Amino acid sequence: MESKILARLGIDPAFIFLFIVILIVILFLLYVNLTIKYNRLQSTYNTFMKGRNGKNLEESLKEKFGEIDSILKVTKQNRIDIKDLTKKLDKNFQKTGIVKYDAFNEMGGKLSFAVALLDSNNNGWIMNAMHSREGCYTYIKEIVKGESYVELAEEEAEALDKAIFDDYEKEIDNIKK
């Protein structure tokens, strides 16, 4: 069977037949691929809808949204609590410096000490406990913004420097590493 149209165009009918067979194979492969994807989607949908109808699904979604709202409320409260704790923490003693020394040369063992306790703004106090054979004498000096209004003994000044600058030295060491 010969076609005058195909003969004029110079096309062999075998090529058209071959083209149609290849097109059918490609369409069949696409159909199989689409069927597999559809079956996966159907399986996922069935798992999602297992034991539910439209009304149950709506109730389930409302329940989940309610849970999300309660989580948001808790999160907001946590943020407020964290801000409050941060404000309170700034006022707590965060920096310490301790220097042990021998207050009186006749006593050994360095039983005397100076302790500096400061908050984040370098406010706090220094306690100096001087130990001798007769007893122990304790003094406290107030520190405001890293300075004392009363003259500090050498050990007290050293304890204050340790409290203020220890954090900076640790940060510098961490940066160097």
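Reference entry: report on the structure contained in this document. Values in this document were obtained by computation on a predicted structure and should not be read as measured data.

**Re the pairing of strand β3 (residues 124–131)**
Of the strand pairs in this sheet, strand β2 (residues 112–118) and β3 are connected by six bridges, and their pairing is antiparallel. Counted as the bridge partner of alanine 116 is isoleucine 126 from β3. The hairpin formed by β2 and β3 contains five residues between the paired strands, and asparagine 122 there has a positive phi angle of roughly 60°. By the bridge criterion, eight bridges tie β3 to strand β4 (residues 136–144) in an arrangement that is antiparallel. Residue pairing in the sheet places histidine 131 in a bridge with cysteine 136 of β4. Hairpin connection, β3 to β4: the antiparallel pair is bridged by four residues.

**With respect to the side chain of glutamate 156**
With respect to the secondary-structure elements, glutamate 156 resides in helix α4 (residues 154–176). Classification of glutamate 156 by relative accessible area gives buried; the value is 2%. Here glutamate 156 is in contact with Ala114, Ile126, Asn128, Lys141 and Glu151, once residues within four sequence places are set aside.

**A few points about the pairing of strand β1 (residues 95–101)**
Both faces of the sheet carry side chains from a regular strand, because those side chains alternate between them. What you see with β1 is a clean split: Lys95, Gly97, Val99 and Tyr101 sit on the buried side and Thr96, Ile98 and Lys100 on the side with no burial. Summarising the sheet, β1 and β2 pair through seven bridges and their orientation is antiparallel. By the bridge assignment for β2, isoleucine 98 is matched with valine 115.

**Considering the sheet that holds β3**
The strand order across the open sheet formed by five strands is β1-β2-β3-β4-β5, and the pairing between neighbours is antiparallel. Either end of the sheet is taken by a strand with one partner, and the two such strands are β1 and β5 (147–148).

**Here's the deal with the pattern of salt bridges**
Where charged atoms from two side chains of opposite charge come close, those side chains can pair. This structure, assessed with the given rule, holds three salt bridges. In this structure, glutamate 67 engages lysine 64 in a salt bridge whose closest nitrogen and oxygen atoms are separated by 3.9 Å. Pair noted here: glutamate 67 and lysine 64 are both in helix α3 (residues 54–90), with a separation of three residues, about one helical turn. Overall, the relative accessible area of 43% leaves lysine 64 in the partly exposed class. With a closest N to O distance of 2.8 Å, lysine 141 and glutamate 156 form a salt bridge.

**With respect to the environment of phenylalanine 113**
Position of phenylalanine 113 relative to the elements: it lies in strand β2. The partly exposed category is assigned to phenylalanine 113, whose relative accessible area is 27%. Taking the C-alpha atoms as reference points, phenylalanine 113 and alanine 129, separated by 16 residues in sequence, lie 5.4 Å from one another. Residues contacting phenylalanine 113, with those up to four places away along its chain left out, are Val99, Lys100, Tyr101, Met127, Asn128 and Ala129.

**Examining the packing of aromatic side chains**
Taken as a whole, this structure holds one aromatic pair when the rule is applied. Aromatic pair phenylalanine 93 and tryptophan 125: ring centres 5.8 Å apart, planes at 85°, arrangement edge-to-face. Placement of phenylalanine 93 in the loop between α3 and β1 and of tryptophan 125 in strand β3 is noted, with a sequence separation of 32 residues between them. Classification of phenylalanine 93 as partly exposed rests on a relative accessible area of 43%.

What counts, and at which threshold
Residues numbered from 1 in each chain as written. Predicted model: local features only at pLDDT ≥ 70, side-chain atom pairs only at ≥ 80, totals over all residues. Heavy atoms only, no water. Pairing = 2+ DSSP bridges. Helix = DSSP H or I, 4+ residues; strand = E, 2+ residues; numbered from the N terminus. Buried < 20%, exposed > 50% of the residue type's maximum accessible area, 1.4 Å probe, protein only. Contact = heavy atoms within 4.5 Å. Salt bridge = Lys/Arg side-chain N within 4 Å of Asp/Glu carboxyl O. Phe/Tyr/Trp six-rings, centres within 6.5 Å; stacked < 30°, edge-to-face > 60°.

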